[in-house]
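A closer look at the structure
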Amino acid sequence: MPGAWLRLARRVGFDAFLDVWRMISEDESTRHDGGRRMPKLREFSAYQRYQRNRYVKSLAEHGLNPDQIQRIVQRHLGERLSVCHIQGLAKGLYRRPQYDPYDRPHKPAEKP
């Protein structure tokens, strides 16, 4: 997520930021502007999938089997995931690398 959005989230609070993000994602006029009016922001549904995937992984780490996880996700989130997909999430197969905008790459020391 671009740094401008992270700064906004820190400034207004996480819950308020989620509301803003959801509204922007639902407004068709802000989707196709090429990022000229505001920094690009993924669709809110991508964040929801990310949270769902973290939830599935957490349930697996607590020892639940894929069938149990499937039922819990259906009941709590209203989504039906395949057992195969749940197994992949539990193994971390769909994990993207974490991005920290404050993490600067280390430069090698210059030679004297």
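Look up: the structure comes first, before these words.
Quantities reported herein were computed from a predicted structural model and do not represent experimental measurements. (Residues numbered from 1 in each chain as written. Predicted model: local features only at pLDDT ≥ 70, side-chain atom pairs only at ≥ 80, totals over all residues. Heavy atoms only, no water.)

What about the pattern of salt bridges?
Rule in force here: For this document, the term salt bridge refers to a Lys or Arg side-chain nitrogen within 4 Å of an Asp or Glu carboxyl oxygen. Secondary structure counts use DSSP, requiring at least four H or I residues in a row for a helix and at least two E residues in a row for a strand, with both numbered from the N terminus. Buried residues are those whose accessible area, probed at 1.4 Å on protein chains only, stays under 20% of the maximum for their type, while exposed residues exceed 50% and partly exposed ones sit between those limits.
This structure, assessed with the given rule, holds three salt bridges. With its nearest N and O atoms 3.2 Å apart, the salt bridge here joins Arg-22 to Asp-19. With Arg-22 and Asp-19 both in helix α2 (residues 14-26) and three residues apart, this pair spans about one turn of that helix. Here Arg-22 falls in the partly exposed class, since its relative accessible area comes to 31%. A salt bridge links Glu-79 to Arg-52; its shortest N-O distance comes to 2.7 Å. Of this pair, Glu-79 sits in the loop between α5 (66-77) and α6 (83-91) while Arg-52 sits in helix α4 (residues 44-61), and the two are 27 residues apart along the sequence. Residue classification places Glu-79 among the partly exposed residues on the basis of a relative accessible area of 29%. Judged by relative accessible area, which is 9%, Arg-52 ranks as buried.

Side note on the packing of aromatic side chains
Operational definition: Pairs were defined over the aromatic rings of Phe, Tyr and Trp, the Trp ring being its six-membered one, requiring ring centres within 6.5 Å. Orientation was assigned from the angle between planes: stacked under 30 degrees, edge-to-face over 60, tilted for the rest.
Under the criterion given, the structure shown has six aromatic pairs. Ring geometry for Phe-17 versus Trp-21: centroids 5.7 Å apart, planes at 45°, classification tilted. Of the two residues, Phe-17 and Trp-21 are both situated in helix α2; the distance of four residues between them amounts to about one turn of the helix. On the basis of an interplanar angle of 45° and a centroid distance of 5.7 Å, the ring pair of Phe-44 and Tyr-47 is categorised as tilted. Of this pair, Phe-44 and Tyr-47 are both found in helix α4, three residues apart, which corresponds to roughly one turn of the helix. Here Phe-44 and Tyr-47 have matching classes, each one buried.

Some words on the packing of α4 against α6
Angle between the axes and distance between the axes: these two values describe a pair of packed helices. Keep this limit in mind: Lines fitted to the C-alpha atoms define the axes, with helices restricted to the stretch that makes contact. Angles between their N-to-C directions range from 0 to 180 degrees. Should an angle fall under 35 degrees it is called roughly parallel, over 145 degrees roughly antiparallel, and 65 to 115 degrees roughly perpendicular, with every other angle called oblique. Only heavy atoms matter for contacts: two residues are in contact if any of them lie within 4.5 Å across the pair. As a working rule, the residues Ala, Val, Leu, Ile, Met, Phe, Trp, Tyr, Cys and Pro are called nonpolar, Asp, Glu, Lys and Arg charged, and the rest polar, with Gly in that last group.
Where α4 contacts α6, the two axes come as close as 8 Å, and the packing angle between them is 80°. When the axis of α4 is compared with that of α6, the two are roughly perpendicular. Across from Arg-52, Asn-53, Val-56, Lys-57 and Ala-60 in α4, the residues of α6 making contact are His-85, Ile-86, Leu-89 and Ala-90. Considered class by class, the residues forming the contact of α4 with α6 number five nonpolar, two polar and two charged.

Some details on the packing of α5 against α6
Contact geometry of α5 with α6 gives a least axis separation of 9 Å together with a crossing angle of 105°. Considering the angle they form, α5 stands roughly perpendicular to α6. Contacts from Pro-66, Asp-67, Ile-69 and Gln-70 of α5 reach α6 at Val-83, Ile-86 and Gln-87. Among the residues making up the contact of α5 with α6, the classes are represented as four nonpolar, two polar and one charged.

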